Amino acid sequence: MNTFINAKDLGNLNVALKEALRIKKDRFSYKDLGRDKTLLMVFFNSSLRTRLSTQKAAMNLGMNTMILDINAGTWKLETERGVVMDADKPEHILEAIPVMGCYCDIIGVRSFAKLENKSDDYSENILKQFVQYSGKPVFSMEGATTHPLQSFADLITIEEFKTNSCPKVVLSWVPHPKSLPQAVPNSFADFMNEANINLVITHPEGYELDPKFVRKAPVEYDQMKAFRGADFVYAKNWSAFKDAYYGQILSEDHSWTIDIAKMNLTNNAKFMHCLPVRRNIVVTDEVIESSRSIVIQEAANREISSQTILKRMLETFKT
Ligand code: AN0
Ligand code: CP
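Residues numbered from 1 in each chain as written. Chains lettered and ligands numbered in written order. Predicted model: local features only at pLDDT ≥ 70, side-chain atom pairs only at ≥ 80, totals over all residues. Heavy atoms only, no water.

Enquirer: Now, about the domain arrangement of the protein chain: what can you tell me, with residues and values included?
Expert: Along its sequence, the protein chain is carved into domain 1 (3–146 + 302–318) and domain 2 (150–299). Put simply, the middle of domain 1 and the middle of domain 2, counted by C-alpha atoms, are 25 Å apart. Counting from both sides, the interface comprises 30 residues of domain 1 and, opposite them, 32 residues of domain 2. Across the interface of domain 1 and domain 2, roughly 2500 Å² is buried in total on both sides, 66% from carbon and sulfur atoms. Looking only at domain 1, the three residues that lose the most surface to domain 2 are Leu 115, Lys 118 and Tyr 122, adding up to 27% of its buried area. (Domains from an automatic or database assignment. Contact = heavy atoms within 4.5 Å. Buried area = accessible area lost by both parts, 1.4 Å probe.)

Enquirer: Please set out the site of ligand 1 residue by residue, giving values where relevant.
Expert: As a matter of local geometry, ligand 1 sits amid Phe 112, Glu 142, His 147, Leu 180, Pro 181, Lys 236, Cys 274 and Leu 275. Taking Glu 142, its side chain carries an N or O atom lying 2.6 Å from an oxygen atom of ligand 1. In the environment of ligand 1, an oxygen atom lies 2.7 Å from a nitrogen or oxygen atom belonging to the side chain of Lys 236. Notes on ligand 1: free accessible area 340 Å², of which the protein chains cover 83%. (Near = heavy atom within 4 Å. Polar contact = N/O pair within 3.5 Å; in protein donor to acceptor, adjacent residues only side chain to side chain. Areas by Shrake-Rupley, 256 points an atom, 1.4 Å probe, with all protein chains shown as cover.)

Enquirer: If you had to explain the site of ligand 2 to someone new, which residues and values would you point to?
Expert: In the vicinity of ligand 2, the residues found are Ser 47, Leu 48, Arg 49, Thr 50, Arg 110, His 147, Gln 150, Cys 274, Leu 275 and Arg 302. Within the side chain of Ser 47, a nitrogen or oxygen atom sits 2.7 Å from an oxygen atom of ligand 2. The side chain of Gln 150 places a nitrogen or oxygen atom 3.0 Å from a nitrogen atom of ligand 2. Protein contact buries 94% of the 260 Å² of open area that ligand 2 shows by itself. Residues belonging to the shell around ligand 2 are distributed by class as follows: three nonpolar, four polar and three charged. Viewed by domain, the shell around ligand 2 spans two of them, domain 1 (3–146 + 302–318) and domain 2 (150–299), each represented by three or more residues. (Nonpolar A, V, L, I, M, F, W, Y, C, P; charged D, E, K, R; others polar.)

Enquirer: Tell me about the packing of helix H6 (residues 148–161) against helix H12 (residues 295–318), and name the residues and values.
Expert: Packing of H6 against H12 leaves a shortest axis separation of 8 Å and a crossing angle of 115 degrees. The way H6 lies across H12 gives a crossing that is right-handed. Counted together, Leu 149, Gln 150, Phe 152, Ala 153, Asp 154, Ile 156, Thr 157, Glu 160 and Phe 161 of H6 and Gln 297, Glu 298, Asn 301, Arg 302, Ile 304, Ser 305, Ser 306, Thr 308 and Ile 309 of H12 form the full contact between these two elements. Looking at side-chain class alone, the contact of H6 with H12 contains seven nonpolar, seven polar and four charged residues. (Axes fitted to C-alpha atoms, helices over the stretch in contact; angles between N-to-C directions. Helix = DSSP H or I, 4+ residues; strand = E, 2+ residues; numbered from the N terminus. Left-handed = near helix turned anticlockwise from the far one by under 90°.)

Given below as structure tokens:
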């Protein structure tokens, strides 16, 4: 495996899922695979889970790890080609990337959507430049439009907690005071569709996601209706995708917050969220602290999803 950005990069998802569950049972049995190999993790944005779980996954595989925070301790990077660099950015990403590639074997990159220009964000310009100029396998640790490590962990978690063979999974928009990217819901829809899971998406009008990720998943604008019979409720805020309002907050409607009354409409659904989560805006204390909440188990599976991807990338060096 050379790049990991979308669900399709994993090939058959059932095979990947089985591999992940095998790794989870014995996560230290591939210690030799990563010996003398170095993972570089490049963060343009903050992280708790992705940083720790991916570093832990690399250590499970016997790898060395290096972490570079672009906004703390390194040169500010210019990312546009053709700019006369007379302002505050002393280094260009076109030199920085191949230099980073000299010191490592695999690169993970976190570079969020700026939410200023839709075509810039949806071109995945930063990740693509890492793929093109580093000379190394590259995986997304949340790019501008997808967060595949999260969604693969979500799929593993659903597999572990499902109580019937065809669970109903509801992706629900929730309010949030800040404008957030569409990466998490995009990838979640991508993975659920690719895994043939019964996905229903619910959001207020205007929050329609990119059809490239939604595909055949039905959209139900009535949150209460969507929740009926749900086995999993996956809450996430995102900003508007459509051209005229790209990156904007169209509604802060707190009637979309996930509370116990809404969870009681479901088929005893489990509550999921990628974290970090703003309590009593996205979800009430009562729901997130209840036995229905599996957010910690979900975060724990981030180690397994990262380890599966790193294992596959390391295996390509052997062939
Ligand atoms: C980010 C987002 O919504 O994409 C990261 C989530 C994993 N969330 C925030 O910035 C709060
Ligand atoms: N869910 C997730 O990716 O969390 P972090 O932003 O803390 O890495």
